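Chain by chain, the residues run as shown.
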2 protein chains.
Amino acid sequence: MSGTVRVLPLGGVGEIGKNMTVVEYDGRIVVVDCGLRFPTAEMMGIDLVLPDFTYLRENVDKIDAIVITHGHEDHIGSLPWVIRDLGQEKIPVVYGGQLTIAMARSKLDEHKLRDVNLEVLPIGDVVEAGPFTLERVHLTHSIPDASGVAIGTPLGTVFFTGDYKFDQTPVIGPPADMSRLAELGREGLLLLCGDSTNADRPGISDSESIVGPHLNRVFGRCEGRIVVTCFASNIHRVQQVVHAAEKNGRKVALVGRSMRKNVNIGRSLGHIDIPEGMLLPPREIDQWPDEKIVVISTGSQGEPLSALRRMAYRDHPQVELKSGDTVVFSATPIPGNERAVNETIDRLYHIGCTVVTARDAPIHASGHGYAEEVKMMINLTRPKYVMPVHGDFKRMLLHGELAQAVGVPEENIFRTENGTPLEISAEGAKFGKPEHSGMIFVDGVDIGDVSDVALRDRRMLSADGIFIVVATISEEDGSSVVPPEVIARGVPFLEGNDKFTDDLREAVEDSLDAAAEQQITEVDVLQSHLHDDLAQFIYDRLKRRPMVLPVVVEV
Amino acid sequence: MSGTVRVLPLGGVGEIGKNMTVVEYDGRIVVVDCGLRFPTAEMMGIDLVLPDFTYLRENVDKIDAIVITHGHEDHIGSLPWVIRDLGQEKIPVVYGGQLTIAMARSKLDEHKLRDVNLEVLPIGDVVEAGPFTLERVHLTHSIPDASGVAIGTPLGTVFFTGDYKFDQTPVIGPPADMSRLAELGREGLLLLCGDSTNADRPGISDSESIVGPHLNRVFGRCEGRIVVTCFASNIHRVQQVVHAAEKNGRKVALVGRSMRKNVNIGRSLGHIDIPEGMLLPPREIDQWPDEKIVVISTGSQGEPLSALRRMAYRDHPQVELKSGDTVVFSATPIPGNERAVNETIDRLYHIGCTVVTARDAPIHASGHGYAEEVKMMINLTRPKYVMPVHGDFKRMLLHGELAQAVGVPEENIFRTENGTPLEISAEGAKFGKPEHSGMIFVDGVDIGDVSDVALRDRRMLSADGIFIVVATISEEDGSSVVPPEVIARGVPFLEGNDKFTDDLREAVEDSLDAAAEQQITEVDVLQSHLHDDLAQFIYDRLKRRPMVLPVVVEV
């Protein structure tokens, strides 16, 4: 539609507009972010969850650019799958900050996608992409090089905040560019798509800088080894740990693959400064006295295979913890991870470690602005329309209330759903017809829409296991040729219970006899007949509903 | 061992001495509590987790009594299984408070165990049981009728606190009996087994009574329907909801099976007072204006089948919620339930409900005493030895530190493990040889030690599904008689992928041919050979490791 700006969030579940948003004008497309999310416990065995980008596939020739706001997985993680699917040559350019592009390159390399046109878009530059202009605006977040994206259209500018907070004293680099935000406001912003993550927290978030002095104080009380765990992408947090270590006369060692990878990239780009000689390879940890060491580790969320988890279970090849050591959790658990984090902590207590968490000292700061910052963003950018994104329903609702509190009329606030485009023209704004959206799953090498059937089967298998019954019958008269085979997996208490297995075999024979009487010969029908009889038999006897899978072989 | 008091915790995982503890003297036994716990996510499909009571089975003739401290599931829940297993006639008597015994009776009735000798042991009474004396001491907790248990032996008295707080202003009934605790102290307490649940929280817990006025204030602001969710056994909380409803001119309706059951029992025993005409049957809710109704509901933990969860998903037969209604969470999520609770809350926002949680107003109070109360308990009872129980490792450690802070010598504090008895004689106290302990699982009608194999199978099935391959071969030469059957369950992306299934069938034939060449004829060996070949084939193609189950039928 010419003369119409269309903003279509495609990303994820639970949260809206987080992983991927399509901006359209005059039949052309810019994509903001290409992220993914991690599966919940109910998505059994699924490795990753991508936004369903069918819409991009169907409109691939319209894409002028992809812009990434920052390097967190939920904004950058689906890039390899999206690009492989759409074709490297089909995406004219992927823009982002220097660190973000370096992280994208490292990801694409791992997927052997080496022909993608990745370009650093420096702060202050404005580039054209089809009918759009693109500009990154510097903001602050829990990863360096985070930015909002201003997309200029003939109708006006759409601004995506990405993830942000207004940190007035960031660890490295300037604070958020409030001046440019205000300028966007003075120029007249058409639409603001703003982060709602902490819209429910009153006041203003703590600066990342408050963490350093508290880490320093905690370190000062420690006598043994110190292990600090935080998100591997939180380069400025790592920087503060390094400074605190230095002040306390300790060396640092990085443990965990993603920690080493991110710090290396961050170091090469100047986002972190580790003085010469401060950094020890993990294998040298044991050559230094305990009181000279700080280990910086992955595993702040209690992830099963993470370095810290392995230390807690005394299973890490390089780091052995003991009584008198201290483990500092410089992160808070993401909802759903509480139990895994608690288990890790309790194992550490078992070993005799002291554990310090964000409950005990201010050693963590959130990367997302609180309610006053959300209001500040709206007051600076003075948007005509507001579309709250990044959050569950509640937080987007609260974001809308904050917008009203600073004077945005209620009718100009649009709480959308993934797949529902907001269409803005000279006449005003309204929701358009929903487009195809949803999630697709990565499972092993395959990606696709894991049919509900497969997940339902997995749930059933996981709850009660499976009985497989193989009946070999004569092609001529349907009679049993050999005794039926009965095999169970994931069904407890069967071992030694030969009587049950014998009875089940008998039930198979009875069911086959009954089928013969009813002249059931078609294999499919016979299998379904067997299934119903045996499922009933098993439920009556075990009061459980395992999957029952009869296989009839005709010979 | 004569002259020795033996205290053997048998209960549960993660927490110690919570579900069941055995006290022995002179070859006789008293059991304190018979509880259970709920399975964690990794215990796939398991319904309930009981303490492994093999030790009781082997020593059943020594049991003189079971004493239950209070009616929560983790203290009373395994009673039906334990009694059915040991035999009703083998347990001379089960003691507890009036409410506790009523709840036990209701549970045992459901299991058709009607010949158990259940006896109310009133506060102040001391009964004899073998070489022991038994006395309940009134304490306060989040269920009425909670008590500690003092077990007198010729060597001195052992005191189990059960779950407790020192609530100076309980909603109904007297505060904790500090006077009797002090008397126990003056008489000289041998051992204190004390609740560690909140040993990590500084200060003193809030009184249950603070909740009422805040509920009243919240109700005063509501215009639509109000739903309050709390634990069904928290009768005093329900009482306060009823009072607040009354003050606001609203009727109450109880929704959820356990809520109705517990309130009925509590009402019949005078633990809750619901004025005539206040209580509506759920089916009459719709006949009253919204502003005249308070629904009290189960589901405070986001449980999948609970009444509140069904309301949130617009699936409750009697209660339909809409914009303008208010849902009050008068409980906090137990670790591990956060995500389910958050999901429920977000669904409620979606409907347009206002949601009030303990974060927004003090509408919940914990049932377990904080650090100062733990110290108070030790100062009152002045035990010679202290055994911290009920808690993870960290909290029991902190409980020990609190004991030291009030003067218990470090060498008199015993942090035990389940299965490890503390043995106290005139010479002193030490740990004895560990006894058999652990967990047993309830799965359907069966109870027992779910072998690791079954759980491992379920995990494998849930992560990647299963391939079943049925090869029918000739008894004479091992050649394939009919084409192999290939069936998959819980494996996504196979539908329409006939090529993969064909290739897999071919791989079966190849593997059978190779086996024939190697003269493999034994069915077991052949199956194992097939398994290895096919697992490799499937991993190479799908990069997943589903369970592979080859069945060879010889005809």
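Residues numbered from 1 in each chain as written. Chains lettered and ligands numbered in written order. Predicted model: local features only at pLDDT ≥ 70, side-chain atom pairs only at ≥ 80, totals over all residues. Heavy atoms only, no water.

Caption draft 1: Structural context of the overall build of chain A. Counting secondary structure elements, chain A contains 15 helices and 26 strands. Split into buried and exposed, the 555 residues of chain A put 59% on the buried side. Summarising the internal contacts of chain A: among those between residues at least 6 apart in sequence, 73% fall at separations of at least 24. Accessible area of chain A: about 22000 Å², with a carbon and sulfur share of 47%. (Helix = DSSP H or I, 4+ residues; strand = E, 2+ residues; numbered from the N terminus. Buried < 20%, exposed > 50% of the residue type's maximum accessible area, 1.4 Å probe, protein only. Contact = heavy atoms within 4.5 Å. Areas by Shrake-Rupley, 256 points an atom, 1.4 Å probe, with all protein chains shown as cover.)

Caption draft 2: Broad picture of the relation of the copies chain A and chain B. Rotating chain A by 180° and translating it 0.1 Å along the rotation axis places it on chain B, where the RMSD comes to 0.1 Å. Taken together, the turn and the small shift mark the pair as related by a two-fold rotation axis. Taking the C-alpha atom as reference, chain A places Ser-462 of chain A closest to the rotation axis, 2.4 Å from it. Of the residues that chain A buries at the interface, 98% are likewise interface residues in chain B, meaning the two copies contact each other through the same surface. (Least-squares fit on C-alpha atoms with pLDDT ≥ 70 in both.)

Caption draft 3: Structural detail: the UniProt feature "binding site: Zn(2+) 2" (unreviewed entry) in chain A. Residue and element names in this part refer to chain A. Within this structure's numbering, the places UniProt gives as "binding site: Zn(2+) 2" (unreviewed entry) are His-390. Mapped onto the elements, His-390 comes out in the loop between strand 19 (385-389) and helix 12 (393-405). Classification of His-390 as buried rests on a relative accessible area of 3%. In this view, His-390 contacts Glu-15, Ile-16, Gly-17, Lys-18, His-75, Gly-162, Asp-163, Asp-195, Ser-196, Thr-197 and Met-396; residues no more than four positions away in its chain are not counted. (UniProt positions renumbered as here; feature names shortened; annotations may be inferred.)

Caption draft 4: Layout of the interface of chain A and chain B. At the junction of the two partners, chain A supplies 62 residues and chain B supplies 61 residues. Between chain A and chain B, roughly 4900 Å² of surface is buried when both sides are summed, and carbon and sulfur atoms account for 65% of that area. The three residues of chain A that bury the most area against chain B are Arg-339, Tyr-349 and Phe-493 of chain A, which together make up 12% of that side's buried surface. In this assembly, chain A and chain B are joined by 0 salt bridges. Here the side of chain A that touches chain B gets 8 residues from one element, more than from any other, and that element is helix 10 (residues 338-351) of chain A. For the side of chain A that touches chain B, the residue count by class is 29 nonpolar, 11 polar and 22 charged. (Buried area = accessible area lost by both parts, 1.4 Å probe. Salt bridge = Lys/Arg side-chain N within 4 Å of Asp/Glu carboxyl O. Nonpolar A, V, L, I, M, F, W, Y, C, P; charged D, E, K, R; others polar.)

Caption draft 5: Geometry of a negative patch on the surface. Residues and elements named next belong to chain A. A surface patch of negative charge is lined by Glu-506, Asp-510, Asp-513, Glu-517, Asp-532 and Asp-533. Secondary structure elements with two or more residues in the negative patch: helix 14 (498-517) and helix 15 (523-542). Here the negative patch gets 4 residues from one element, more than from any other, and that element is helix 14. Take Glu-517: it is sitting in helix 14. (Patch = residues over 30% accessible without salt bridge, like charges linked within 9 Å, V, L, I, M, F, W, Y side chains within 5 Å. Lys, Arg positive; Asp, Glu negative; His and termini not counted. Charge placed at Lys NZ, Arg CZ, Asp CG, Glu CD.)

Caption draft 6: How the structure looks around the packing of helix 6 (residues 211-221) of chain B against helix 7 (residues 235-247) of chain B. Residues and elements named next belong to chain B. Put simply, helix 6 and helix 7 touch, their axes get as near as 9 Å, and they point 40° apart. The angle between helix 6 and helix 7 places the two elements in the oblique class. When you trace helix 6 past helix 7, the crossing you get is right-handed. Listed contacts from helix 7 to Val-211, Gly-212, Leu-215, Asn-216 and Phe-219 of helix 6 are Arg-237, Gln-240, Val-241, Ala-244, Ala-245 and Lys-247. (Axes fitted to C-alpha atoms, helices over the stretch in contact; angles between N-to-C directions. Parallel < 35°, antiparallel > 145°, perpendicular 65-115°, else oblique. Left-handed = near helix turned anticlockwise from the far one by under 90°.)

Caption draft 7: Representation of the sheet that holds strand 20 (residues 422-425) of chain A in the model. Residues and elements named next belong to chain A. Ordered by their spatial adjacency, 8 strands build an open sheet running 7-6-5-3-2-1-20-21, and the pairing between neighbours is mixed. Two strands close off the open sheet at either side, each with one partner strand: strand 7 (118-120) and strand 21 (428-431). Each neighbouring strand pair of the sheet contributes to a mean axis angle of 20°, computed without reference to strand direction. In this sheet, strand 7 lies alongside strand 6 (residues 94-96) in parallel orientation, the contact comprising 3 bridges. Counterpart to Gly-96 in the pairing with strand 7 is Val-120. Sitting on the sheet, helix 4 (residues 98-110) touches strand 6 and strand 7, and the angle it makes with strand 7 is about 160°. (Pairing = 2+ DSSP bridges.)

Caption draft 8: Looking closely at the pairing of strand 19 of chain A. All names here are of chain A. Of all 5 residues in strand 19, 5 are buried, a share of seventy percent or more. Residues Tyr-385, Met-387 and Val-389 of strand 19 are buried on one face, and the alternating residues Val-386 and Pro-388, pointing to the opposite face, are buried as well. Strand direction decides the pairing type here: strand 12 (residues 189-195) and strand 19, joined by 5 bridges, are parallel. In the sheet register, Cys-193 faces strand 19, and the bridge partner there is Met-387.

Caption draft 9: Main features of the packing of aromatic side chains. In this structure the tally under the stated criterion is 10 aromatic pairs over all chains. Summarising the aromatic geometry, the rings of Tyr-164 of chain A and Phe-166 of chain A are spaced 5.6 Å apart at their centres and angled 75° between planes, so their arrangement reads as edge-to-face. Note on Phe-166 of chain A: relative accessible area 3%, which makes it buried. Relative to Phe-414 of chain B, the ring of Tyr-385 of chain B lies with its centre 6.0 Å away and its plane at 65°, an arrangement referred to as edge-to-face. In this pair, Tyr-385 of chain B is assigned in strand 19 (residues 383-389) and Phe-414 of chain B in the loop between helix 12 (393-405) and strand 20 (422-425), connecting sequence segments 29 residues apart. The exposure class of Phe-414 of chain B is buried, given its relative accessible area of 9%. Every member of this aromatic cluster is reached through a ring pair, and the members are Tyr-385, Phe-414 and Phe-431 of chain A. In this structure, Lys-543 of chain A is placed above the aromatic ring of Tyr-539 of chain A, and the distance from its NZ or CZ to the ring centre is 5.2 Å. Sitting above the plane of the Tyr-539 of chain A ring, Arg-545 of chain A keeps its charged end 3.8 Å from the centroid. (Phe/Tyr/Trp six-rings, centres within 6.5 Å; stacked < 30°, edge-to-face > 60°. Lys NZ or Arg CZ within 6 Å of the ring centre and 35° of its normal.)

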